[in-house]
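Residue-level structure breakdown
Here are the chains, one letter per residue:
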Amino acid sequence: MGEGLLTSHRDAAPRAEAGFVRRDGWLHADAVALADIAGFAGTPAYVYSASVVRAQYARLDAALEGVPHRLHYSVKANGNLALLALLRELGAGVDIVSAGELYRAQRAGFGGRDVVFSGVGKTVTELEQAVAADVKLVNVESEAELRLLADVARRVGRVVPVALRVNPEVEVETAHHYTRTGARGDKFGIPYDEAREVARLASSLEGIRLAGLDMHIGSQLTRIEPYADGLARLLELRANIDADGGGEGLRYLDIGGGLGVTYDAESEADLDAFARIVVPAAKASGLELVMEPGRFLVGNAGVLLTRVLYRKRSGGKDYVITDAGMTELLRPSHYNAFHRIEPIGPAGEAGVVDVVGPVCESGDFFARDRSLGDVEPGDLLAISSAGAYGAVMSSQYNARPRVPEILVDGERVALARERESFEDLVRHENATPEWRTL
Ligand SMILES: *Cc1c(COP(=O)(O)O)cnc(C)c1O
């Protein structure tokens, strides 16, 4: 990737060609026709619009303007290095959930102080790496993790800034229960009624500085009330910690990610209403606001481009079989998620079809009983809202090499990840492994 590839349009006003729009009947990413991208990269391929990422970042950043804050992009939504570099240039930090994501963030130019380390099951090695990297916050999810981290810190003579990830036990509605993380009994976070005690412990442990309070209540939230409820509980906890004399090192109020985007007709989270709740509360607390948005920044910045291989009728159903499948985009199969699908060019009259992939699983589908313009084998489809939890969840199942990721910025196109080769499929395997006894 060339110098300045991502920065040259940085301060330009939003352009008319930003995002995924149809021009003369053909769908474009920014100024580039998706048909041309298919010619360049082949299919299937992920296509990301840098303009959309910039616009979403700017919207959220502006909404939080009234309070000191930093957006720590959740790497697990899409960890592509070029996207990470773009977000770093915009001023983002990162939120990571593994040492692998720490490595990605560092490769994209982030420093330790840009990093918030989340996750319910950090290993001792990961904690050691977090300490060595001098991260801004380790978001601790249990008393046992806190004690382990204190041991690690003492061993190397460091004091580690810690935020307690509390389960605020709020009512959360998400599209699928797999994406709900802040209700009573979920595996995430310290149960609310134990948090004060764990905070006392944190304040007493050598090697630990209690620097923040944290929650992450779920993903694809389109109602904002859970943030208000969760925030109220964090602030109540903060008052209790102050009363216990443990609050003087507190600097950060981390409200996690979870802001929803539009996949279909659902309304997007109301950013103004969100800001009206969060900004005054954060401001009154005197703490720096930390947010960990993933999907909100990149979800609608990507499409999966796929070619129709076949059409067939079976059992009274019309099937459109595409060259992409659950191996590329797992969300329909895993979360029963809805993704808009449209032909990238003009198409005949719509009919009701199932859009399915080539993988040998009945769960390999993108849409069922969906109205889709009449397409022929060879035609190209765009599967929308595929920028978050798309490429990162892809697999090589059925020995399918992972697909390329293309970043578009205005009129320019960059190969942000190459298509894997067959050699990549077997790179770490050995047909004649060396036998040994242990
Ligand atoms: C997944 C995750 C996020 C990001 O969630 P989005 O719904 O993509 O915004 C933020 N924080 C933590 C701890 C997470 O696990």
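Rules behind the numbers
Residues numbered from 1 in each chain as written. Predicted model: local features only at pLDDT ≥ 70, side-chain atom pairs only at ≥ 80, totals over all residues. Heavy atoms only, no water. Pairing = 2+ DSSP bridges. Helix = DSSP H or I, 4+ residues; strand = E, 2+ residues; numbered from the N terminus. Salt bridge = Lys/Arg side-chain N within 4 Å of Asp/Glu carboxyl O. Buried < 20%, exposed > 50% of the residue type's maximum accessible area, 1.4 Å probe, protein only.

**Here's the deal with the sheet that holds strand S2 (residues 26–29)**
- As summarised here, the arrangement of the 3 strands in space is S1-S2-S3, forming an open sheet in which the pairing is antiparallel. Taken across any chain shown, the strands that pair with only one partner, and hence form the sheet edges, are strand S1 (20–23) and strand S3 (32–33).
- When S1 meets S2, the two strands line up antiparallel, connected through 4 bridges. Bridging from a neighbouring strand, valine 21 pairs with histidine 28 of S2.

**Focus: the pairing of S2**
- Between S1 and S2, which pair antiparallel in sequence order, lie 2 residues; one of them, aspartate 24, sits at a positive phi of approximately 50 degrees.
- As paired elements, S2 and S3 share 2 bridges and run antiparallel to each other. Pairing of alanine 29 across the sheet is with valine 32, part of S3.

**Quick look at the pattern of salt bridges**
- What the rule picks out here adds up to 28 salt bridges.
- For lysine 122, the salt bridge goes to glutamate 145, with nearest N and O atoms at 2.5 Å. Of the two residues, lysine 122 is situated in the loop between strand S7 (115–117) and helix H5 (124–133) and glutamate 145 in helix H6 (residues 143–155); the sequence distance between them amounts to 23 residues.
- The exposure class assigned to lysine 122 is buried, which follows from its relative accessible area of 9%.
- According to the relative accessible area criterion, glutamate 145 is buried, its value standing at 6%.
- Between glutamate 328 and arginine 400 there is a salt bridge whose closest N-O contact spans 2.9 Å. Of this pair, glutamate 328 sits in the loop between strand S15 (317–322) and helix H11 (331–335) while arginine 400 is found in the loop between strand S19 (380–383) and strand S20 (405–409), placing the two residues 72 residues apart along the sequence.
- A relative accessible area of 2% places glutamate 328 in the buried class.
- Overall, the relative accessible area of 17% leaves arginine 400 in the buried class.
- One salt-bridge network, in which partners are shared between bridges, spans Arg196, Glu197, Arg200 and Asp244.

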